[in-house]
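# Observations on the model geometry
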Amino acid sequence: MNKFTKIKEHIYHKIESGEWPENHPVSSENALCTQFSVSRMTARRALQELADEGLVIRTQGSGTYVAPIKSQTSFMAIRNIADEVRSRGHDYRAKVHLLKEQPASAQIAEALELEEGAPVYHSLITHYENDQPVQLEERFVNPTLVPDYLKQDYSKVTPHEYLCVVSPLTEASHQIEAILPVHSVCQYLSIDRHEPCLRIFRRTWSSGGVVTFATLTHPGSRFKLGGHLTFKE
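Since the structure is predicted, the reported quantities are computational estimates derived from the model, not experimental observations.

Criteria and cut-off values
- Residues numbered from 1 in each chain as written.
- Predicted model: local features only at pLDDT ≥ 70, side-chain atom pairs only at ≥ 80, totals over all residues.
- Heavy atoms only, no water.
- Pairing = 2+ DSSP bridges.
- Helix = DSSP H or I, 4+ residues; strand = E, 2+ residues; numbered from the N terminus.
- Axes fitted to C-alpha atoms, helices over the stretch in contact; angles between N-to-C directions.
- Domains from an automatic or database assignment.
- Phe/Tyr/Trp six-rings, centres within 6.5 Å; stacked < 30°, edge-to-face > 60°.
- Buried < 20%, exposed > 50% of the residue type's maximum accessible area, 1.4 Å probe, protein only.
- Lys NZ or Arg CZ within 6 Å of the ring centre and 35° of its normal.
- Expected span 1.5 Å × (residues − 1).
- Arc of directions from axis to C-beta.
- Contact = heavy atoms within 4.5 Å.

### Concerning the sheet that holds strand β9 (residues 209-219)
Strand order in the open sheet formed by six strands is β4-β5-β6-β9-β8-β7, and the pairing between neighbours is antiparallel. At either end of the open sheet lies a strand with only one pairing partner, and these are β4 (92-103) and β7 (171-179). In this sheet, neighbouring strand axes are inclined to one another by 15° on average, regardless of whether the strands run parallel or antiparallel. With 11 bridges connecting them, β4 and strand β5 (residues 119-129) associate as antiparallel partners. Residue pairing across strands places Gln102 opposite Val120, the latter belonging to β5.

### Section: the domain arrangement of the protein
Once the domains are mapped, the protein shows domain 1 (3-66) and domain 2 (81-219). For domain 1 versus domain 2, the separation of C-alpha centres amounts to 34 Å.

### Some remarks on the packing of aromatic side chains
This structure, assessed with the given rule, holds four aromatic pairs. On the basis of an interplanar angle of 70° and a centroid distance of 6.5 Å, the ring pair of Tyr154 and Tyr162 is categorised as edge-to-face. By the burial criterion, Tyr154 is buried, and Tyr162 matches it. Pairing Phe201 with Phe213 gives two aromatic rings, centres 6.3 Å apart and planes at 5°, and the pair type is stacked. Here Phe201, found in strand β8 (residues 197-206), pairs with Phe213, found in strand β9; they are 12 residues apart in sequence, far enough to count as distant. Members of the aromatic cluster, connected to one another through ring pairs, are Tyr121, Tyr149, Tyr154 and Tyr162. Across from the ring centre of Phe4, 3.9 Å away, lies the NZ or CZ of Arg45, which sits over that ring.

### Examining the pairing of strand β2 (residues 63-66)
Residues Thr64 and Val66 point to one face of β2 and are all buried, whereas Gly63 and Tyr65, pointing to the other face, are not buried. As judged from the four bridges shared by strand β1 (residues 56-59) and β2, these two strands associate in the antiparallel manner. Residue pairing across strands places Val56 opposite Val66, the latter belonging to β2. Where β1 folds back onto β2 in an antiparallel hairpin, the turn is made up of three residues, including Gly61, whose phi is positive at roughly 85°.

### Considering helix α3 (residues 40-52)
The first and last C-alpha atoms of α3 sit 18 Å apart over 13 residues, in line with the 18 Å expected at 1.5 Å per residue. Within α3 the residues assigned to the buried category are Ala43, Ala46, Leu47, Glu49 and Leu50. Axial view of α3: buried residues confined to an arc of 155°, hence all on one face. Buried residues in α3 make contact with α1 (3-16), α2 (29-36), β1 and β2. Among the residues trailing α3, Gly54 stands out with phi positive, at a value near 85°.

As structure tokens, this is what we get:
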């Protein structure tokens, strides 16, 4: 492990263990230079990547602090939400509201590349971080590709975890939009109707075709998109 990665892992551990709670000061660039015997540039890069990921906030003239707790993910990756929550040292749980077979509407049939009225599986799940709702997941599944989808206990394993085992993903597409939630979404996420939300539409493919079409809705105050790109010369 190089020193740059060691700095990031050191700070990750401090935050995930709870030793550094939100708004706690993070070691300065100078302190990290001394502790890890690195250049100021290396220390600055490590702190900037953590800021890009939403874990810390950097304020010129004030320093670097642990960011307020918000769930975060990268728009360039598909990650298991349970793993994301637990990686922050927080408790994860899920509540299943709906799990059934139904005929595909025209929109769902088009998304899954099926005939309108064909049977599809439909699930609706709220994901929680420290007992606070952070994502409402509505998912439609092609039963031909995942025949046992309705037999799983999604309070113990997420749909993402199960699908990665039985139908490994080969491709995905995303559309992202900002919305004001309808009444039912407000109830599931325990938010006010004026709370802005981020909604992600996601289609996933396996070698057999389109596996799922999911709508993921996040309260704006509890969610952050982040990422860091490295470009080769």
